[in-house]
Amino acid sequence: MSFKVAFIGAGSIGFTRGILRDLLTVPEFRNIEVAFTDISRHNLDMVTELCQRDIDENGLSIRIQSSTDRRQALQDAKYVICTIRVGGLEAFRTDIEIPLKYGIDQCVGDTLCAGGIMYGQRGIPEMLSICKDIREMCAPDALLLNYSNPMAMLTWACHQYGGVRTIGLCHGVQHGHHQIAEVYGLKKQDVDIVCAGINHQTWYIQASHQGKDLTSGLLEAFERHPEYSQTEKVRIDMLRRFGYYSTESNGHLSEYVPWYRKRPEEITEWIDLGSWINGETGGYLRVCTEGRSWFETDFPNWMKDPAMVFRPEHRGEEHGSYIIEGLETGRVYRGHFNVVNEGIISNLPDDAIIEAPGYVDRNGVSMPLVGELPLGPAAVCSVSISVQRLAVEAAVHGDDLLLRQAFMMDPLIGAVNNPKEIWQLVDEMLVAGETWLPQYADSIAAAKKRLEAGNLIPTLQYEGAARLKVKTVEEMQLDRDTANKNAGESDKGKDREKV
């Protein structure tokens, strides 16, 4: 069996390497074609060298096609795996630091809130360019597997404007599934779940073990867990008030709703600084910054470490390889996928990108009807969908009024800022992102004039309620295992630069 898989944004060591291992664990895939492309030749060369070493030491004859020419890499590909971050760390810093001046304290800033909205403005035009290349260069009806955030916005744009079959993929459902099993003292494979909603706001609406319902006892189970009762306070409080557990981490979830990060003096009540993902101010930016430095310094040691082993027991839980396996071999795979709603969740808009259970086999991807979400979770999702829709249309058309409306409708921004502050915030973020926002050229010129004219609303000198210092390479070298773990968490392929 032979077909071609192309990785866009392949210069992410941990993510690209893991997905490739998962693919090549499938016995029928030992002769597939693999292409890597990235705009950074340096990053691309590192990843190609490392992955080729893994392939060689597992006794396969595959030779990675590595090129900074995206169209060349896409030539005849049947599957495309996308993991880009447009603007890299330079743009990411503005997503976190400018909103802090207006009191908007984000942990991650890649899905909603000010950072997620601007991330989408940069990413959507590039995704549409990628879709054009896929239509022109790939095998007919190629499938795009999108891992890039903001997941729902980018996948929405690809479907509505890109003309390419696209499935958005995330691992939040799997992580929460592990947690639910753990709080009950069970194994993940023994707990059945149904999870539905939108990416990063998906809800475990059913959980059972041997036919016994687990959902009704989840709050008590999480409250008595020694670790999660401290690290997942936002998720537990949402479970308490909405009746269902949410997929997303404590830090992520805290910035998607208006209640937990709007008052600096209260933020530390809801978060835990044992790990960035539990709510640290700018936590993901910190680990991405550290991860970039660490890769550069420690890469020779990666080459000295043992190669990855392509065996089933080492295969990861990312959906991508299992989807391709199901489509190519007919083995049935059940996962949770981001697709156009089209009635799957009956009380969310049909055009929205929802995340829900799906099945894959040789006949394709099938999405069963979920029906109605519980009213509370549906209301939370509906607010975010409105932000997403405005942000997608703004990015596609370069419409800064729609962009400002997306900011106004965002729950956390609206909880912290008034309309005049939001207008000035958007001006600042447009000007800071000029390099990556060509669709806003006229709006940026006007924003510059307003900012230069003076008479501005005073802003804050605010570092955030829970900001930690970025570690130096020397500090990271004192604990290489922790540095590698943090680098892996930061390296989900989403810190690749696109300029």
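Residues numbered from 1 in each chain as written. Predicted model: local features only at pLDDT ≥ 70, side-chain atom pairs only at ≥ 80, totals over all residues. Heavy atoms only, no water.

We apply this condition: UniProt positions are given in the numbering used here, feature names are shortened, and annotations may be inferred rather than shown by experiment.
In the nomenclature of an unreviewed UniProt entry, the protein corresponds to Glycoside hydrolase family 4 from the organism Paenibacillus vortex V453. For the protein, the Sequence similarities (unreviewed entry) comment in UniProt is given as "Belongs to the glycosyl hydrolase 4 family."

### Concerning the side chain of Thr83
Here is the rule: A run of DSSP states H or I qualifies as a helix once it reaches four residues; a run of E qualifies as a strand once it reaches two. Both are numbered from the N-terminal end. Remark: exposure states derive from per-residue accessible area (1.4 Å probe, protein chains only) relative to the maximum for the residue type, with buried under 20%, exposed over 50%, and partly exposed in between. We define a polar contact as two N or O atoms separated by no more than 3.5 Å, with the added condition that, inside protein, one atom must be a possible hydrogen donor and the other a possible acceptor, whereas residues neighbouring each other in sequence contribute only through side-chain atom pairs.
Position of Thr83 relative to the elements: it lies in the loop between strand E4 (79-82) and helix H4 (88-101). A relative accessible area of 3% places Thr83 in the buried class. A distance of 3.0 Å separates the side chain of Thr83 from the backbone oxygen of Gly9, its partner in a polar contact.

### Section: the UniProt feature "domain: Glycosyl hydrolase family 4 C-terminal" (unreviewed entry) in the protein
UniProt annotation of "domain: Glycosyl hydrolase family 4 C-terminal" (unreviewed entry) refers to residues 195-413 when read in the numbering used here. Annotated as residues 195-413, this span is 46% helix and 16% strand, and its ends, taken at the C-alpha atoms, are 27 Å apart.

### Side note on the pattern of salt bridges
Side chains bearing opposite charge may pair, as long as their charged atoms lie close to each other. Our working rule: Any carboxyl oxygen of Asp or Glu within 4 Å of a side-chain nitrogen of Lys or Arg constitutes a salt bridge here.
Counted by the stated rule, this structure contains 37 salt bridges. The salt bridge partner of Asp54 is Arg53, with a shortest N-O separation of 3.5 Å. Comparing Asp54 with Arg53, the two get one shared label, buried. The partner of Arg70 in a salt bridge is Asp133, and the shortest N-O contact between them spans 2.9 Å. Taken as a pair, Arg70 in helix H3 (residues 70-74) and Asp133 in helix H5 (residues 113-137) lie far apart in primary sequence, 63 residues in all. An identical accessibility class is assigned to Arg70 and Asp133; each is buried. Three or more residues are tied together by salt bridges with common partners; here these are Arg70, Arg71, Glu126, Lys132, Asp133 and Glu136.

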